[in-house]
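Each chain, letter by letter, is given below.
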Amino acid sequence: MSNELAQMILAVVSQIPKGKVASYGQIAKLAGLPKHARLVGRVLGQIEDRTAIPWHRVINSQGKMSTTQLTEHGDHLQQILLLSEGVVVINGRVNLKQFAWLP
DNA sequence: GATCAGGCTCTAA
DNA sequence: ATTAGAGCCTGAT
């Protein structure tokens, strides 16, 4: 794993404004890594709970969450976090037209 | 929706 | 150093 790439990716993720979401591919592109969507997912999965990165604002291009994150309460953590910042999540899906982050 | 193939990194041998 | 397998994806069938 290259920390350089991870840092760039995390830097971009950190820039996602509250109440908006971005796709893996979009993050990769903004980080200057056009075809590295999968790497983004990998990096996030690695640091998701160890850092203060808003990983929950990153979803796939179809507006769905890749992993089913469950809390001790048995709820979808990512969904809860998004809802708490005003992003509407329906059936585990986000309305990209409305909440996609447009830099 | 579900499926397929593409493009690229990471890890383990 | 090279090879092979697998992956929290995407865009087009």
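Residues numbered from 1 in each chain as written. Chains lettered and ligands numbered in written order. Predicted model: local features only at pLDDT ≥ 70, side-chain atom pairs only at ≥ 80, totals over all residues. Heavy atoms only, no water.

Student: Would you mind showing me how to read the protein's contact with DNA strand C here?
Tutor: Inspection of the region around DNA strand C gives 12 residues, with Gly-25, Gly-45, Glu-48, Ser-61 and Ser-66 positioned closest. Here, DNA strand C places atoms within 4 Å of the protein, and 49% of those atoms are sugar or phosphate. For DNA strand C, a base oxygen lies 3.1 Å from a polar atom in the side chain of Tyr-24. Those elements that place two or more of their residues in the surface near DNA strand C are helix H2 (24-30) and helix H3 (37-47). The greatest single-element share of the surface near DNA strand C, amounting to 4 residues, is contributed by H3. Looking at the surface near DNA strand C, its residues break down into 2 nonpolar, 8 polar and 2 charged. (Near = heavy atom within 4 Å. Polar contact = N/O pair within 3.5 Å; in protein donor to acceptor, adjacent residues only side chain to side chain. Helix = DSSP H or I, 4+ residues; strand = E, 2+ residues; numbered from the N terminus. Nonpolar A, V, L, I, M, F, W, Y, C, P; charged D, E, K, R; others polar.)

Student: Would you explain the packing of helix H1 (residues 3-14) against H3 in this entry?
Tutor: The geometry of H1 relative to H3 is characterised by a closest axis approach of 10 Å and an angle of 85 degrees between their N-to-C directions. Overall, the two elements H1 and H3 adopt an arrangement that is roughly perpendicular. Counting all contacts with H1, which are made through Leu-5, Ala-6, Ile-9, Leu-10 and Val-13, the residues of H3 involved are Leu-39, Val-40, Val-43, Leu-44 and Ile-47. In terms of residue class, the contact of H1 with H3 is built from 10 nonpolar, no polar and no charged. (Axes fitted to C-alpha atoms, helices over the stretch in contact; angles between N-to-C directions. Parallel < 35°, antiparallel > 145°, perpendicular 65-115°, else oblique. Contact = heavy atoms within 4.5 Å.)

Student: Got a minute to help me understand the side chain of Gln-78 in this structure?
Tutor: With respect to the helices, strands and loops of the structure, Gln-78 is situated in helix H4 (residues 77-84). A distance of 3.1 Å separates a polar side-chain atom of Gln-78 from the backbone oxygen of His-56.

Student: Help me understand H3, please; the structure alone is not making it clear to me.
Tutor: An α-helical turn contains 3.6 residues, so any two residues separated by three or four positions project in the same direction. For H3, every residue scored as buried is listed here: Val-40, Val-43, Leu-44 and Ile-47. Summarising the axial view, the buried residues of H3 lie within an arc of 100 degrees, below the 170-degree limit, and thus occupy one face. For H3, the exposed residues lying more than 90 degrees away from the buried face are Arg-38 and Arg-42. (Buried < 20%, exposed > 50% of the residue type's maximum accessible area, 1.4 Å probe, protein only. Arc of directions from axis to C-beta.)

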